[in-house]
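Chain residues, written in single-letter form:
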Amino acid sequence: MTLARIREPDGPSRSGWSPWRAVIGFGLVSLAADMVYEGARSITGPLLAGLGASALLVGLVTGAGEALALLLRLAFGTWADRSGRYWTLTLTGYTLTAVCVPALALTAFLPSVGLVVAAVLILAERTGKAIRSPAKTALLARAAGGVGLGRGFAVHKALDQLGAVAGPLLVAGVLATTGLIWPSMALLAVPGIAAIAILLWIRHRTADDEPAAIPPRPAAAQSAAPPEPAGRVSALPGRFWLFALAAGATTAGLVTFGVISYHLTRDQVVAVPVVPVVYAAAMAAAALAALATGWLYDKIKGRVLLGLPLLVAAVPALAFADAPAVALTGVVLWGAAIGVQDSTVKALVADLVPAPNRATAYGTFAAVQGATAIAGGAMAGALYNYSVPLLVVAVAATQVVALALLLASVENHGSIKLI
């Protein structure tokens, strides 16, 4: 069967793959993959610090990683739409993650170059995220279109976040048992292999021919309007660009967990083995926030996102506190913001952009976010050492801009029809 079957909104396909089954299938892949890279991200700050990194370097590496994961999606998103190689790009990206994260275990045995190797592996893993994300999200959007974009992305994100909780907890357990970080990185090879196996199974059941990912338009539609160009940034609508700028401003203010975890351990807010548990709590908050805002999205559309800048603005004031309870509250809010950014935000992109350009839109959207991610990471790392109150003010300023842009981009969005 071709991928077009996943896209059909009316009932299951001939092989029994309903839209919900496709959504859940991709969710299981994300669950296993998130165990891998979220498990690693939960301890990235302490891992780099243990290899000799400063707070600024942690901020630069983690910020640059997020920038790569976002900026490179522009190239891979347009490539996916132009070539139709959605599955090839998806598999390649997940394979990079499955290889690079366990390889971080080797850095403990490379005293002279361990920090450099760790930084390269972190950046390579984030590149894998860039390769797969636009193609995978376009596949997911087609499946979610049959169940409601908000709900489909919300359920997928909830499954995704189960892995984001389980991975850090696995790391915490191994760290508490051994007192070492590297064994937990090596163990993350197991869910990495599982993610690839599940993805190959879904690929076998749902798509026989990658170039058929975007089917020809019906004859009636072709006579009524010219075909929509695939893979062209210039074809993206103006409201999409306004929303992308709003999301970029939000991303600039959302400090990376690498900097947060650096604070938690350097200032002894929590012990190092507790850091992955704190991260797991943030990922649980992300799952709940994704589910809540996803369901609301199908009712009130983009207006549900107006609270996102408020969440982001509150994070540094709380997460960089010295009191454990206050810092944990900040981390939970950080997780909630991440959940909304990685689920409901994507539903609005799918709602604004025609299907032949969705991978391009996701890549472009991510590139706009990535352009601000490295600056935001460097800002957080530098201002954290200089003045936390100044960091709080700087983040608040970015979120005032984000809220203004978001208000403009979602105005009257309730009247926009699903594509």
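Values in this document were obtained by computation on a predicted structure and should not be read as measured data. (Residues numbered from 1 in each chain as written. Predicted model: local features only at pLDDT ≥ 70, side-chain atom pairs only at ≥ 80, totals over all residues. Heavy atoms only, no water.)

**Regarding the overall build of the protein chain**
We apply this condition: In this description a helix means any DSSP run of H or I spanning at least four residues, a strand means any run of E spanning at least two, and both kinds are numbered starting from the N terminus. Only protein chains enter the area calculation, which uses a 1.4 Å probe; residues under 20% of their type maximum are buried, those over 50% are exposed, and those in between are partly exposed. Throughout, a residue-residue contact means that at least one pair of heavy atoms, one from each residue, lies within 4.5 Å. Only the protein chains shown count as cover for residues, and all accessible areas are computed by the Shrake-Rupley method using a 1.4 Å probe.
Helix and strand counts for the protein chain stand at 19 helices and zero strands. A total of 419 residues make up the protein chain; the buried ones form 56% of that total. A fraction of 85% describes how many contacts in the protein chain between residues 6 or more apart in sequence connect residues 24 or more apart. Summing over all exposed atoms, the protein chain offers an accessible surface of approximately 15,300 Å²; the carbon and sulfur share of this is 70%.

**Side note on the environment of Ala-235**
Mapped onto the elements of the fold, Ala-235 is located in the loop between α11 (219-224) and α12 (238-253). Among the residues examined, Ala-235 registers a relative accessible area of 33% and is labelled partly exposed.

**Observations concerning the side chain of Lys-136**
Heads up, the condition is: His residues and chain termini do not enter the charge count, which takes Lys and Arg as positive and Asp and Glu as negative. By salt bridge we mean one thing: a side-chain nitrogen of Lys or Arg within 4 Å of a carboxyl oxygen of Asp or Glu.
On the secondary structure map, Lys-136 appears in helix α7 (residues 114-144). Buried charge without a partner: Lys-136 forms no salt bridge, and the closest opposite charge is Asp-160, 5.5 Å away. Setting aside its immediate chain neighbours within four residues, Lys-136 contacts Phe-26, Ser-30, Thr-90, Tyr-94 and His-156.

**Some thoughts on the pattern of salt bridges**
Tallied over the full model, the rule gives six salt bridges. The salt bridge involving Glu-125 is made with Arg-126; its shortest N-O contact spans 2.8 Å. A residue is classified by how much of its surface remains accessible, and Glu-125, at 5% relative accessible area, is buried. Assessed through its relative accessible area of 5%, Arg-126 is described here as buried.

**Description of the packing of aromatic side chains**
For the record, the criterion: Aromatic contacts are taken between Phe, Tyr and Trp rings whose centres are within 6.5 Å, Trp giving its six-membered ring; a plane angle under 30 degrees counts as stacked, one over 60 as edge-to-face, and the others as tilted. We call a charge positioned over a ring when the NZ of a Lys or the CZ of an Arg lies within 6 Å of the ring centre and within 35 degrees of the ring normal.
One pass over the full model with this rule turns up nine aromatic pairs. Aromatic pair Phe-257 and Trp-334: ring centres 5.4 Å apart, planes at 40°, arrangement tilted. One end of the pair, Phe-257, is in helix α13 (residues 257-266); the other, Trp-334, is in helix α16 (residues 324-341), and 77 residues separate them in sequence. Take Phe-257 and Trp-334: they sit in the same class, and that class is buried. Three or more aromatic residues link up through ring pairs in this structure, and these residues are Phe-240, Trp-241, Phe-243 and Phe-365. Above the ring of Tyr-94, the side-chain terminus of Arg-132 is found at 4.3 Å from the ring centroid.

**A few points about α7**
The α-helix advances 3.6 residues per turn, and as a result positions three or four apart in sequence lie on the same side. Threshold: Take the number of residues in a helix, subtract one, and multiply by 1.5 Å to get its expected span. Think of it this way: the bend at a residue is just the angle between two axes, each fitted to seven residues, one set ending at that residue and the other starting at it.
A rise of 1.5 Å per residue sets the reference length of α7, with its 31 residues, at 45 Å; its end C-alpha atoms lie 42 Å apart and thus fit the reference within 8%. At Ser-133, α7 shows its largest kink, close to 35°, and the proline Pro-134 lies no more than four residues downstream. A large share of α7 lies buried, amounting to 25 of its 31 residues.

**Points about the confidence of the model for the protein chain**
To be explicit about the condition: Confidence per residue, as judged by the predictor, is encoded in pLDDT with a range of 0 to 100.
With 87% of its residues at a pLDDT of 70 or more, the protein chain has an overall mean of 81. Contacts from residues 208-225, a stretch scored under 50 in pLDDT, to residues over four places away or in other chains number 28 contacts. Predicted confidence for residues 414-419 stays below pLDDT 50, and this span has 17 contacts to residues more than four positions away or in other chains.

**Comments concerning the nonpolar core**
Note the cut-off: Take the buried Ala, Val, Leu, Ile, Met, Phe, Trp, Tyr and Cys residues and link them wherever side-chain atoms come within 4.5 Å; each set so joined is a nonpolar core.
Within the largest apolar cluster, 110 residues are counted, with the highest numbers of intra-cluster contacts made by Met-185, Phe-243, Ile-260 and Trp-334. In terms of residue count, α7 provides more of this core than any other element does, 12 residues in total. Leaving out residues up to four positions away in the same chain, Trp-334 has contacts with Leu-254, Val-255, Thr-256, Phe-257, Ile-260, Tyr-279, Ala-282, Met-283 and Val-315.

**Digging into the side chain of Thr-78**
Note the cut-off: Side-chain atoms alone can form a polar contact between residues adjacent in sequence; in general such a contact is a pair of N or O atoms within 3.5 Å, and within protein one must be able to donate a hydrogen while the other accepts it.
Tracing the chain through its elements places Thr-78 in helix α5 (residues 73-83). Here Leu-74 takes part through its backbone oxygen, which lies 3.1 Å from a polar atom of the side chain of Thr-78.

**Digging into the packing of helix α4 (residues 55-71) against helix α18 (residues 358-386)**
Cut-off, in case you're wondering: The angle between two axes is taken between their N-to-C directions and runs from 0 to 180 degrees, where each axis is a line fitted to C-alpha atoms and a helix contributes only its stretch in contact. Oblique is the label for any angle not covered by the other classes, which are roughly parallel (under 35 degrees), roughly antiparallel (over 145) and roughly perpendicular (65 to 115). Amino acids outside the nonpolar list (Ala, Val, Leu, Ile, Met, Phe, Trp, Tyr, Cys, Pro) and the charged list (Asp, Glu, Lys, Arg) are all regarded as polar, and Gly is one of them.
At their nearest, the axes of α4 and α18 sit 7 Å apart, and the two run at 175° to each other. Overall, the two elements α4 and α18 adopt an arrangement that is roughly antiparallel. Of the residues assigned to the contact of α4 with α18, the class counts are 15 nonpolar, eight polar and one charged.

**What about unusual backbone geometry?**
Residues other than glycine seldom take positive phi values, yet Gln-268 does so here, at roughly 55°. Inspection of the secondary structure puts Gln-268 in the loop between α13 and α14 (275-300). Under the relative-accessibility criterion, Gln-268 is labelled exposed at 71%.

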